[in-house]
Amino acid sequence: MAFNQYKENIVLAVSTVVLGLIVGLSSMLLGLFLDLVEKLFLHYEENAKMPAPVGTIPSDRLFSVVIGAIVVALIWWFLRTKTKTPVSIKKALNGEQMPFWQTILHVTTQIFFVGTGGSIGRELAPREAGALFAQKWNNLLQKLHVPTLSQSDQRLLMTAAAGAGFAGIYIAPFTGMLFSVEVLLKKLTLRTMAVSLTMSTIAMFMGSLIKGFQPYYLIGDAKFSLISFVLIFILSPITGIAGALFRKLCQWAEGHQTKNNQILWQLPAMGLITGLIALIFPEIMGNGRSLAQLAISSSSQKMVLILLIGGMLKVIVTVLTIRAGASGGTLTPSIAVGGTLGAVLSLILAIWVPGISIGQGAILGAGTLLAASQQAPFMAMFMLIEICHLESSALLPMGFGILIATVVSKKVLSD
């Protein structure tokens, strides 16, 4: 019995390393594909200093997202009506097989749509790719008559690979681990953490071969002061409510998502709406990185109205894009919406409370709304710490804010 357990542990360890390399490579390739699409359609290279295609001709922004929406509408219509439908990670964890080529096409379609300017998160694609490779790896082990892993360890490999997909594209291993054990597996043990963190770390190093270790958002003053607590106790209940409502809206959109022939006109229509807004407000495009950075970099009270409108538009366009048939994540859109709320409140309070950092307020708003919308406080906290390269002074205000926002959101969601 002990010898069999030893063999299973060896198989699990080898699987963790192999999948870390495979998933990391897939995330790196998806990142390169995103860069290629942005260069071809929007003629710019996305980075932290230039997250939005502000230098692109407005008409090119319009045509990019409209053409992108038409292309992905045709692909998703084909996948959902003419072939075996891609299987979600949740269903795969319950035993359903993810069709290989359909899932690969589904994943690359998501990245393509974000690259052309579609208002949806890019993080679902690498997670689905990771889960796919882990499931196929489990199947291969069975065919080769390798010592069979338990059902719980097979699920662990799939959730760890999904988290590693995120870690590889955002260079955030702790976030990948916490997404695996807190959101998907909901089982926080030394075994689950060790497997998930190891796989996410390997995937992170693979992804960093191209992207390096640069922060995803630039916040300037990284040292949080005690003044941030003044903001937290006002901001967190607001982002808690807003995060819960955003979660409900996204769940409504996913529950009523167009999957039949109507996607052929509904998704291009949303592409047209997004493109028209992008004529004058390019930050509405993509996964929300540019809108969040705009909020973080704001310093004038003149930005209050712009950020409020931008945040509301991001919610509306993202929710309706999902409703119209698009697949994608909601993590980075949540960060964008929370960032605008945090920046707006900071800009207003700065009139009476000198010393409030607008960038820090935006980051606190992003973290607290993300925690509320995803119902994953630890993942939200470490995600902001990792992708923004925050220092230890952010732990206390961010932790308190996430605690308050999570409690408030749970109350809203339970009503």
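Since this is a predicted model, take the numbers as computed values, not measurements. (Residues numbered from 1 in each chain as written. Predicted model: local features only at pLDDT ≥ 70, side-chain atom pairs only at ≥ 80, totals over all residues. Heavy atoms only, no water.)

Asker: How should the overall build of the chain be read in this particular structure?
Answerer: A count of helical and extended segments in the chain gives 16 helices and zero strands. Its C-alpha radius of gyration of 21 Å places the chain within 12% of the 22 Å reference for a compact globule of 415 residues. Along the three orthogonal principal directions, the C-alpha set of the chain runs to about 70 × 50 × 45 Å. The buried share among the 415 residues of the chain stands at 58%. Sequence-distant contacts, at least 24 apart, represent 80% of the contacts inside the chain between residues at least 6 apart. When the accessible surface of the chain is split by element, carbon and sulfur atoms take 70% of a total near 17000 Å². Taking the average location of the 28 positive side-chain charges in the chain and that of its 17 negative ones, the two points are 7 Å from each other. (Helix = DSSP H or I, 4+ residues; strand = E, 2+ residues; numbered from the N terminus. Rg over C-alpha atoms; globule rule 2.2 N^0.38 Å. Buried < 20%, exposed > 50% of the residue type's maximum accessible area, 1.4 Å probe, protein only. Contact = heavy atoms within 4.5 Å. Areas by Shrake-Rupley, 256 points an atom, 1.4 Å probe, with all protein chains shown as cover. Lys, Arg positive; Asp, Glu negative; His and termini not counted. Charge placed at Lys NZ, Arg CZ, Asp CG, Glu CD.)

Asker: Could you clarify how one ought to interpret empty space enclosed by the protein in this entry?
Answerer: Any empty space left between the atoms is revealed when a probe the size of a water molecule rolls over them. This model, assessed by the stated rule, comprises three cavities of 30 Å³ or more. Every residue lining the largest cavity is counted, 16 residues in all, and those nearest its centre are E38, Y44, P51, M285 and G286. Going through the elements one at a time, α1 (2-42), α4 (100-116) and α11 (289-297) are the ones with two or more residues in the lining of the largest cavity. Residue classes in the lining of the largest cavity are distributed as six nonpolar, six polar and four charged. (1 Å grid on protein atoms, 1.4 Å probe; cavity = no way out; pocket = protein on both sides within 12 Å on 5 of 7 lines; lining within 4 Å. Points joined across faces, edges and corners; volume = space filled by probe spheres on them. Nonpolar A, V, L, I, M, F, W, Y, C, P; charged D, E, K, R; others polar.)

Asker: Explain the packing of helix α6 (residues 151-170) against helix α7 (residues 173-184) here, please?
Answerer: When two helices pack together, their arrangement is given by the angle between their axes and by how far apart the axes lie. Direction vectors running N to C along α6 and α7 enclose 145°, while the axes themselves pass 7 Å from each other. For α6 against α7, the interelement crossing comes out right-handed. Every residue of α7 that contacts α6 at T159, A160, A162, G163, F166 and A167 is listed here: P173, T175, G176, F179, S180 and L184. Tallied by class, residues from the contact of α6 with α7 come to seven nonpolar, five polar and no charged. (Axes fitted to C-alpha atoms, helices over the stretch in contact; angles between N-to-C directions. Left-handed = near helix turned anticlockwise from the far one by under 90°.)

Asker: It is not clear to me how the packing of aromatic side chains should be interpreted in this structure. Could you clarify?
Answerer: Centre distance and the angle of the planes are the two values used to describe a pair of aromatic rings. Under the counting rule described, the total for this entry stands at ten aromatic pairs. Centre to centre, the rings of W76 and F113 are 6.3 Å apart; their planes meet at 90°, and the pair counts as edge-to-face. Taken together, the residues span a long stretch of sequence, with W76 in helix α2 (residues 58-81) and F113 in helix α4 at a distance of 37 residues. F113 matches W76 in its accessibility class, with the two residues each being buried. Among the aromatic residues, those joined into a cluster by ring pairs are F166, Y170, Y216 and Y217. Its end group placed over the ring of Y216, R289 keeps NZ or CZ at 3.9 Å from the ring centre. (Phe/Tyr/Trp six-rings, centres within 6.5 Å; stacked < 30°, edge-to-face > 60°. Lys NZ or Arg CZ within 6 Å of the ring centre and 35° of its normal.)

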